[in-house]
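Listed below are the residues making up each chain.
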4 protein chains.
Amino acid sequence: MNFEFPFNELPDALPAVLRGPRIERRRVLVGGSAFWGTLQQDGQLRLDDGRLLDAEAQSYLPPVEPSKIIAVHISYRSRSMETRNQDKPSDTPTYFTKPPTALNGHRGQILKPADCRYLNYEGEYAVVIGRTCRNVTPDEAWDHIEGFCPALDMGLQDFRDTDQGSMLRVKGADTLLPIGPGLVRGVNIFAQTLRTYVDGLLVQEAHIGEETIWGPHYVIADIARHITLLPGDVILMGTPCHSRSVDPGQTVACEITGLGRIEGTVAAIAAPRAAALGVGHRPADTPEVRRVALGFDARVPEHLKQNLQRARAGRA
Amino acid sequence: MNFEFPFNELPDALPAVLRGPRIERRRVLVGGSAFWGTLQQDGQLRLDDGRLLDAEAQSYLPPVEPSKIIAVHISYRSRSMETRNQDKPSDTPTYFTKPPTALNGHRGQILKPADCRYLNYEGEYAVVIGRTCRNVTPDEAWDHIEGFCPALDMGLQDFRDTDQGSMLRVKGADTLLPIGPGLVRGVNIFAQTLRTYVDGLLVQEAHIGEETIWGPHYVIADIARHITLLPGDVILMGTPCHSRSVDPGQTVACEITGLGRIEGTVAAIAAPRAAALGVGHRPADTPEVRRVALGFDARVPEHLKQNLQRARAGRA
Amino acid sequence: MNFEFPFNELPDALPAVLRGPRIERRRVLVGGSAFWGTLQQDGQLRLDDGRLLDAEAQSYLPPVEPSKIIAVHISYRSRSMETRNQDKPSDTPTYFTKPPTALNGHRGQILKPADCRYLNYEGEYAVVIGRTCRNVTPDEAWDHIEGFCPALDMGLQDFRDTDQGSMLRVKGADTLLPIGPGLVRGVNIFAQTLRTYVDGLLVQEAHIGEETIWGPHYVIADIARHITLLPGDVILMGTPCHSRSVDPGQTVACEITGLGRIEGTVAAIAAPRAAALGVGHRPADTPEVRRVALGFDARVPEHLKQNLQRARAGRA
Amino acid sequence: MNFEFPFNELPDALPAVLRGPRIERRRVLVGGSAFWGTLQQDGQLRLDDGRLLDAEAQSYLPPVEPSKIIAVHISYRSRSMETRNQDKPSDTPTYFTKPPTALNGHRGQILKPADCRYLNYEGEYAVVIGRTCRNVTPDEAWDHIEGFCPALDMGLQDFRDTDQGSMLRVKGADTLLPIGPGLVRGVNIFAQTLRTYVDGLLVQEAHIGEETIWGPHYVIADIARHITLLPGDVILMGTPCHSRSVDPGQTVACEITGLGRIEGTVAAIAAPRAAALGVGHRPADTPEVRRVALGFDARVPEHLKQNLQRARAGRA
């Protein structure tokens, strides 16, 4: 691995959460009750009560119950280059939040209201807090991490023009955070590669160690300067370049080596009733909305763009 | 209605939670996210976001998230007669608790460990607290009720001999409290009839107003003498006579007019690993276990007994 | 009352949460346990267990336990005028969030890190959700309100330049949301006047009905277009003009007629340890920070400005 | 140490939760907000945000937020001898539960209703679950323990005759579980001594390793055979002999070497309003109530009995 960013330097002794053995915990609904289980090497899910289930055939719940969800705006060089034409977006990370009601599980429906046009995918990895955490250094932060999850930080970019940057409506709507299927510890997150797929075609790709500007230990230490992080809290670590919009019926997946694959399907939903009464900022199709929703293709690798075109064509 | 027990007297003006309009709220898992919805008159479930779903085809979660679950031991005359040969069990109700991990949803799997023999059904109605409640009178208690649910207070009677009456292991195991599918308000609970079915055959039946010894307002006032009840807390109101054991593969349902029908299926599960090491009280088959698990048939209506025999025969 | 904004129109029949009788619920810590109680007309606090306490002498906890806290950016004409020189900030409200860890109780310490300079007060009223709420109209929204609280939406404006508008670090730090002492229902919020005090001197003042651009029913309907609001969720309704910074030792209070008075004292705290390591965006003193932190005095009533000067002089 | 009971045998390598370094976490209310901190060797409490406080001068909250609280009936030889005249109460432990509303903090008020006579102390240590736990062996259970707390399992023995052994009213009333001040890990619980004091005079004493019949790993494995234990769940590990009743004004403390000292004061409270209406089982003064409330002095060490007499005389 080659970590060119200083804040991705690891301590000499790899923190326990990055060392093996790898443990993947999942939470499934079996006939009306939620159960925790551990993924087995043969791909079966062993519930804690001993039942062995076909992991593929289960109904998944999010493997987290956070009191808050904080997301890094930009933490990948390619995303910084795409949105700002800069290798590094700023000297320090910046953040927004998603409410817990945005949580969604593996193979969830990602809801797109009828009056919206741009529902963008963003494949990410999430960090889950294991121990209460405030006023720590980056080195100390590792001990406060429970594990990592694949996640999709979906966004209704039609609301890009409102909320003055907080993105409450862009990123905060119900179902816009598929996460899981597992919560994984014992994996060196810096050695992994993240890939996002639309209808099975690769549309985002990044090596986490080589492309991430700030590691989870840095981000935790940054936030915990002023905010207490509690067990279960979730931090979304940003997406690489080529976040684009998807349509009802399309399937989005984020697969991270070592962590697993989260998948969701875009589903159409009626426009909210209050919208018909003129309540609230209307979904818009402005240059700024388009700038983010459609992205800036110049720096995106050609094969990712072509794959997305193929996915769209396949639906036409 | 004919309420012969003094504590089932209602105030002159029917409390709001007993008056219409009837509202039934349900919580379902749709592709990884839990959603609340309201049952429509045509039987469809309208999610709050506007989606209309076939209520029958959904995956249900319990419609409650209690911080505590308190259960009345005996609150029906027929059950009192059966277990103690007395029309009224005691001057005042008595209670035990179930942990929140016992919650199960509609059409849940009710787990029966391989080393257990007697998993008994008990059809009940549950009261759900709506407002924080301490030190109230029965008349005041009505305003603190959010609504009612059908429930099955399942019990592993093999553990009857242990825990000195607390019934932690009898009633507290995971999945032993199917509840739902809806949380209903606007229904006069005293005018309803409760029926329990095994494999579709009627095995318990009682008119709540005529057979219940203590109403929910009395029970709330009693418990809240010393214990603060919080929003979401659940009180199980006891079962009529003819609680009997069921086997893996059998389906149990509790249907209450006005409230709905909760259903669960008994599923076999391996004995716990610690049991093989000799840890803990072993499931037993003693006279006391049998007394409760098998019940005392003399006072049970003949057709209920015959139906249970037919259900068992149907499986042989 | 004179509601000049269309969205402050009330239905003909005043909603129950705005009608009497007035009920104020408070939560206090008495020797290691939190207890709920109701404020009596004589100013005593009657705990639910019957104890009568001197309300003034208690240790207060926030009277809410929200899963999310959403704040309106600007909802008062005077604040819009001050910050944008416009009578109305935009056609529709915009929002940001505060994490639950920001909650603070009555007479709390509001922490100001040693490396920060601008900790601004903002007196507000909070709306507390009573029933799960999604996809409602403004008229329906009233039934989903549990009540109202006085609140102080404090902000570390030194972080104005970071987080691209989400204000996570400006508004999200621990202790930056004193709220309470009570949760009040049965009061017509539109008929009330909000006043903020620094060291007892009036520094903000607004008649809620006459100056608020959007009422709580509108705001709930707006947010619930896409986001499920859960019982206990808190919405902060914005502040009138003259938000300014305060220093350690100063006391800030927000008093709202009909609702009560929340108070907090600014307390100095060391800079976070990670800051010394160069982690994270540093508190800054830029023109943009100053624009917001110091405000724009031209439109602020003279007596409010003079009072703040007197409060500061009193500390010199 | 001399562990004569087989289930107190430890694995060869001491589990991490029993090994040092010792860490004690506490939660205090500072002016309206709850803060976590770590106790320093000099006795000061360092809040996570860096503030150093005089630990003695703080307002304490319970250092746990359990979803369930399970208590062992009898786990000390001396208690078994006292109540049943047997060295060992049964082959396996038995349990009851307390609702979370019973939680109380250090220096809490323990409420005794005016119509009750026997409020008994029971000094205990509590086990706090750190990781979700189901179907584990005793050896595996250690890794699921977060730490230990001193606790007082107070009981209103006037209700001994009701609830058929579940002890909901005996042990479940508000404030009957003082716990804390800290949650401690890194201490060998088996090497510690528990002492209970009334008004500063020693009234219970037991060496945990030598007198406890079942260790926490056994108890966890036993309960988790059927019940999922969740992070934060609390297990109370029983009390040694000489549980007796105390009166308003008296102070009770449980001090455990290595863990710390929890203290509470008995405070009188009016009888509940519903009691005056004849609702519920009345507090009773029967032989069975007296048997438990007053205990059986024959086997209690003389100095403990004399100390309690002195404590009572000091109040006469």
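Reading the values: the criteria
- Residues numbered from 1 in each chain as written.
- Chains lettered and ligands numbered in written order.
- Predicted model: local features only at pLDDT ≥ 70, side-chain atom pairs only at ≥ 80, totals over all residues.
- Heavy atoms only, no water.
- Helix = DSSP H or I, 4+ residues; strand = E, 2+ residues; numbered from the N terminus.
- Rg over C-alpha atoms; globule rule 2.2 N^0.38 Å.
- Buried < 20%, exposed > 50% of the residue type's maximum accessible area, 1.4 Å probe, protein only.
- Contact = heavy atoms within 4.5 Å.
- Areas by Shrake-Rupley, 256 points an atom, 1.4 Å probe, with all protein chains shown as cover.
- Pairing = 2+ DSSP bridges.
- Least-squares fit on C-alpha atoms with pLDDT ≥ 70 in both.
- Buried area = accessible area lost by both parts, 1.4 Å probe.
- Salt bridge = Lys/Arg side-chain N within 4 Å of Asp/Glu carboxyl O.
- Polar contact = N/O pair within 3.5 Å; in protein donor to acceptor, adjacent residues only side chain to side chain.
- Nonpolar A, V, L, I, M, F, W, Y, C, P; charged D, E, K, R; others polar.
- pLDDT = per-residue confidence, 0-100.
- Phe/Tyr/Trp six-rings, centres within 6.5 Å; stacked < 30°, edge-to-face > 60°.
- Arc of directions from axis to C-beta.
- Expected span 1.5 Å × (residues − 1).

K.L.:
Describe in detail the overall build of chain A, supporting the description with residues and values.
P.N.:
Within chain A, the regular secondary structure consists of eight helices and 21 strands. In summary, chain A has a C-alpha radius of gyration of 19 Å against a globular reference of 20 Å for 316 residues, a match within 12%. For chain A, the C-alpha atoms occupy an extent of roughly 50 × 50 × 40 Å along the three principal directions. For chain A, the proportion of its 316 residues judged to be buried stands at 65%. By sequence separation, contacts in chain A at least 24 residues apart represent 77% of the contacts at least 6 residues apart. Summed over all atoms, the accessible surface of chain A reaches about 10300 Å², with 47% contributed by carbon and sulfur.

K.L.:
Please provide a residue-by-residue account of the pairing of strand β17 (residues 201-207) of chain D, values included.
P.N.:
Residues and elements named next belong to chain D. Within β17, six of the seven residues are buried, which leaves the element mostly enclosed by the surrounding structure. For strand β16 (residues 193-198) and β17, the ladder comprises six bridges, and the chain directions are antiparallel. Considered in β17, the bridge of Val198 is made with Leu201.

K.L.:
Let's hear about unusual backbone geometry: which residues, and what values?
P.N.:
With an omega of 0°, the peptide bond between A:Gly20 and A:Pro21 qualifies as cis. For A:Pro21, the position within the fold is in the segment before β1 (23-30). Cis peptide bonds are those with omega within 30 degrees of zero, and the linkage from A:Gly180 to A:Pro181 qualifies with 0°. Inspection of the secondary structure assignment puts A:Pro181 in the loop between β14 (177-178) and β15 (182-185). Positive phi outside glycine occurs at D:Met167, with the angle close to 60°. Here D:Met167 shows up in the loop between β13 (155-156) and α3 (168-171). Relative accessible area serves as the criterion here: at 6%, D:Met167 is assigned to the buried category. Even without being a glycine, D:His242 presents a positive backbone phi close to 80°. Looking at D:His242, the relative accessible area reads 1%, which means it is buried.

K.L.:
How would you summarise the relation of the copies chain D and chain B if you had to cite specific residues and measurements?
P.N.:
Between the two copies of the chain lies a rotation about an axis combined with a shift along it. For the pair chain D and chain B, the relating rotation is 180°, the translation along its axis is 0.0 Å, and the fit reaches an RMSD of 0.0 Å. Put plainly, the chains are arranged around a two-fold axis. Among all residues of chain D, the minimum C-alpha distance to the rotation axis is found for D:Ser166, at 1.8 Å. Taken together, the interface assignments show that 100% of the residues at the interface of chain D recur at the interface of chain B, consistent with an identical surface on both copies.

K.L.:
Any details on the interface of chain D and chain B? Residues and values, ideally.
P.N.:
Contact residues are listed per partner, giving 50 residues for chain D and 50 residues for chain B. Sorting the residues of chain D by area buried against chain B places D:Gln164, D:Arg225 and D:His226 first, and these three jointly supply 16% of that buried surface. Salt-bridge contacts for B:Asp222 lead to D:Arg169; the nearest nitrogen and oxygen are separated by 2.9 Å. At the junction of chain D and chain B, the tally comes to 27 residue pairs in polar contact (both at pLDDT 80 or more). Counted by class, the side of chain D that touches chain B contains 22 nonpolar, 18 polar and ten charged residues.

K.L.:
Report on the confidence of the model for chain A, specifying residues and quantitative values.
P.N.:
A low pLDDT score tells you not to read the predicted coordinates there in detail. Chain-level pLDDT for chain A is 93 on average; 96% of the residues reach the 70-or-more range. Below a pLDDT of 50 lies the segment residues 1-6 of chain A, which in the model reaches 17 contacts outside its immediate sequence neighbourhood of four places, other chains included.

K.L.:
Residue-level account of the packing of aromatic side chains, with values.
P.N.:
Residues and elements named next belong to chain C. One pass over the full model with this rule turns up twelve aromatic pairs over all chains. Considering the side-chain rings of Tyr125 and Phe148, the 6.0 Å spacing of their centres and the 65° angle between planes classify their relative orientation as edge-to-face. Here Tyr125, found in strand β11 (residues 123-129), pairs with Phe148, found in strand β12 (residues 145-152); they are 23 residues apart in sequence, far enough to count as distant. Judged on exposure class, the residue Tyr125 and its partner Phe148 are both buried.

K.L.:
Requested: an account of the interface of chain C and chain A, with residues and values cited.
P.N.:
Counting from both sides, the interface comprises 50 residues of chain C and, opposite them, 50 residues of chain A. In total, about 4400 Å² of surface goes out of reach between chain C and chain A, with carbon and sulfur atoms giving 56% of it. In this structure, the connection of chain C to chain A is made through six salt bridges. The partner of A:Arg273 in a salt bridge is C:Glu140, with the nearest N and O atoms 2.7 Å apart. For the interface between chain C and chain A, the tally reads 27 residue pairs in polar contact (both at pLDDT 80 or more). Taken together, the elements giving at least two residues each to the side of chain C that touches chain A come down to β7 (95-98), α2 (138-141), α3 (168-171), α5 (216-223) and α6 (273-276) of chain C.

K.L.:
Kindly report on the relation of the copies chain C and chain A, identifying the contributing residues and their values.
P.N.:
Each copy of the sequence occupies a distinct position, and chain C is placed on chain A by a rotation of 180° and an axial shift of 0.0 Å, giving an RMSD of 0.0 Å. Counting the interface residues of chain C, we find that 100% of their copies in chain A are interface residues as well, pointing to one common contact surface.

K.L.:
Give a description of the side chain of C:Thr212 that names residues and reports values.
P.N.:
Its location among the elements puts C:Thr212 in the loop between α4 (208-211) and α5. A polar atom in the side chain of C:Thr212 sits 2.5 Å from the backbone oxygen of C:Ile208.

K.L.:
Please set out helix α7 (residues 287-294) of chain B residue by residue, giving values where relevant.
P.N.:
Residue and element names in this part refer to chain B. Where α7 is concerned, the buried positions are Val289, Val292 and Ala293. Taken down its axis, α7 places every buried residue within 95° of arc, on the same side. Buried-residue contacts for α7 involve β10 (119-120) and β19 (245-246). With its phi angle positive at about 75°, Gly295 sits one or two positions after the end of α7.

K.L.:
Outline helix α8 (residues 302-315) of chain D, listing residues and values.
P.N.:
All names here are of chain D. An ideal rise of 1.5 Å per residue puts 20 Å on 14 residues; α8 measures up with 20 Å between its terminal C-alpha atoms. All buried positions along α8 are accounted for by Leu304, Lys305, Asn307, Leu308 and Ala311. For α8, the arc enclosing every buried residue in end-on projection is 160°, short of the 170-degree limit, so these residues lie on one face. Summarising the geometry of α8, the exposed residues directed more than 90 degrees from the buried face are Arg310, Ala313 and Gly314. Check the buried side of α8 and you find it contacts β16 and β17.

K.L.:
I'd like a rundown of the environment of D:Thr193, residues and numbers included.
P.N.:
Residue and element names in this part refer to chain D. If you trace the backbone, Thr193 turns up in strand β16. In the structure, Thr193 is positioned 64 residues away from Thr257 in sequence and 5.6 Å away in space, judged by C-alpha atoms. Residue contacts for Thr193: discarding those within four places in its chain leaves Glu205, Ala206, His207, Ile208, Glu255, Ile256 and Thr257.

K.L.:
Which residues make up the pairing of strand β2 (residues 33-39) of chain A, and what values go with them?
P.N.:
Residues and elements named next belong to chain A. The pairing of β1 with β2 spans six bridges and is antiparallel. Pairing of Arg27 across the sheet is with Trp36, part of β2. The sheet contact formed by β2 and strand β3 (residues 44-47) spans three bridges and is antiparallel. Note that in β3 the partner of Thr38 across the bridge is Arg46. In sequence, β2 turns back onto β3 through a hairpin of four residues, with Gly43 there showing a positive phi of about 90°.

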